[in-house]
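# Observations on the three-dimensional arrangement
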Amino acid sequence: MWIPAAGLVLGVLIGLLIPVRVPGVYSKYMSVAVLAALDSVFGGLRASMEDNFDNAIFLSGFFSNTLLAAFLAYIGDQLGVELYLAAVLAFGMRLFQNLAIIRRHLLKK
């Protein structure tokens with residue numbers, strides 16, 4: 001349970017301590033990649049609370065979701081279609097769903 005939470009805290013601390021400037025042209029890619037990564041982290045927390053966490057599934061999901069989201073944004077840019085919105089919608093819904101399940105699990109304890 002602590003692996004995803006520790007990774008999230010470590011990532012936030014590194015992000016706060018090391019300022020990284022992302023050019024505006026990459027903002028779509030970064031936004032969907034961060035959203036996909038957060039979805040994976042909350043999914044990992046949820047799986048850990050349900051005693052169903054698997055490190056291989058977490059890591060493969062983290063990287064494949066992040067790459068797929070960035071790829072959708074790239075393909076959308078090439079086609080002239082705001083395709084990244086599909087990734088924002090899908091990962092946003094899953095993120096809030098996982099957060100709601102985590103909240104319910106914590107309130108039941």
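All of these numbers come straight from a predicted model, not from anything done at the bench.

Once that is clear, we can look at the layout of surface pockets. Rolled over the atoms, a probe with the dimensions of a water molecule shows which regions are left empty. Empty space within the largest pocket amounts to approximately 410 Å³. As for the largest pocket, its lining consists of 16 residues, of which Leu 8, Gly 11, Val 12, Val 34 and Ala 37 are closest to the centre. Looking at the lining of the largest pocket, the elements with two or more residues in it are helix 1 (2-17), helix 2 (27-49) and helix 3 (55-79). At 7 residues, the largest contribution of residues to the lining of the largest pocket is made by helix 1. Residue classes in the lining of the largest pocket are distributed as 13 nonpolar, 3 polar and no charged. Empty space within the second largest pocket amounts to approximately 280 Å³. Around the second largest pocket, the lining is made up of 17 residues, and of these Ser 40, Gly 43, Gly 44, Ala 47 and Ile 57 lie nearest the centre.

In this section: the side chain of Asp 39. By secondary structure assignment, the location of Asp 39 is in helix 2. Sequence-distant contacts of Asp 39, defined by excluding residues within four places in its chain, comprise Asn 65, Phe 91, Arg 94, Leu 95 and Asn 98.

Now for the nonpolar core. Counting 14 residues, the largest nonpolar core has Val 32, Phe 42, Ala 69, Ala 73, Ala 87, Phe 91 and Ile 102 as the members making the most contacts within it. Of all elements in the fold, only helix 2, helix 3 and helix 4 (84-108) reach the threshold of two or more residues within this core. The element best represented in this core is helix 2, accounting for 7 residues. Those residues in contact with Ala 69 that sit more than four places away from it in its chain are Val 32, Ala 33, Ala 36, Ala 87 and Phe 91.

The next thing to look at is the environment of Glu 50. Here Glu 50 shows up in the loop between helix 2 and helix 3. Residue Glu 50 is classed as partly exposed on the basis of its relative accessible area, which comes to 43%. Along the primary structure Glu 50 and Ala 5 are separated by 45 residues, whereas in three dimensions their C-alpha atoms are 15 Å apart.

The relative placement of two packed helices is expressed as an angle between their axes plus a distance between the axes. In contact at an axis separation of 8 Å, helix 1 and helix 2 are set at 145° when each is read in the N-to-C sense. The handedness of the crossing between helix 1 and helix 2 is left-handed. Contact with helix 1, carried on its side by Pro 4, Ala 5 and Leu 8, involves Leu 38, Val 41, Gly 44 and Leu 45 of helix 2 and no other residues of that element. Here the contact of helix 1 with helix 2 is built from residues that sort into 6 nonpolar, 1 polar and no charged.

Conventions adopted
Residues numbered from 1 in each chain as written. Predicted model: local features only at pLDDT ≥ 70, side-chain atom pairs only at ≥ 80, totals over all residues. Heavy atoms only, no water. 1 Å grid on protein atoms, 1.4 Å probe; cavity = no way out; pocket = protein on both sides within 12 Å on 5 of 7 lines; lining within 4 Å. Points joined across faces, edges and corners; volume = space filled by probe spheres on them. Helix = DSSP H or I, 4+ residues; strand = E, 2+ residues; numbered from the N terminus. Nonpolar A, V, L, I, M, F, W, Y, C, P; charged D, E, K, R; others polar. Contact = heavy atoms within 4.5 Å. Core = buried A, V, L, I, M, F, W, Y, C linked by side-chain atoms within 4.5 Å. Buried < 20%, exposed > 50% of the residue type's maximum accessible area, 1.4 Å probe, protein only. Axes fitted to C-alpha atoms, helices over the stretch in contact; angles between N-to-C directions. Left-handed = near helix turned anticlockwise from the far one by under 90°.

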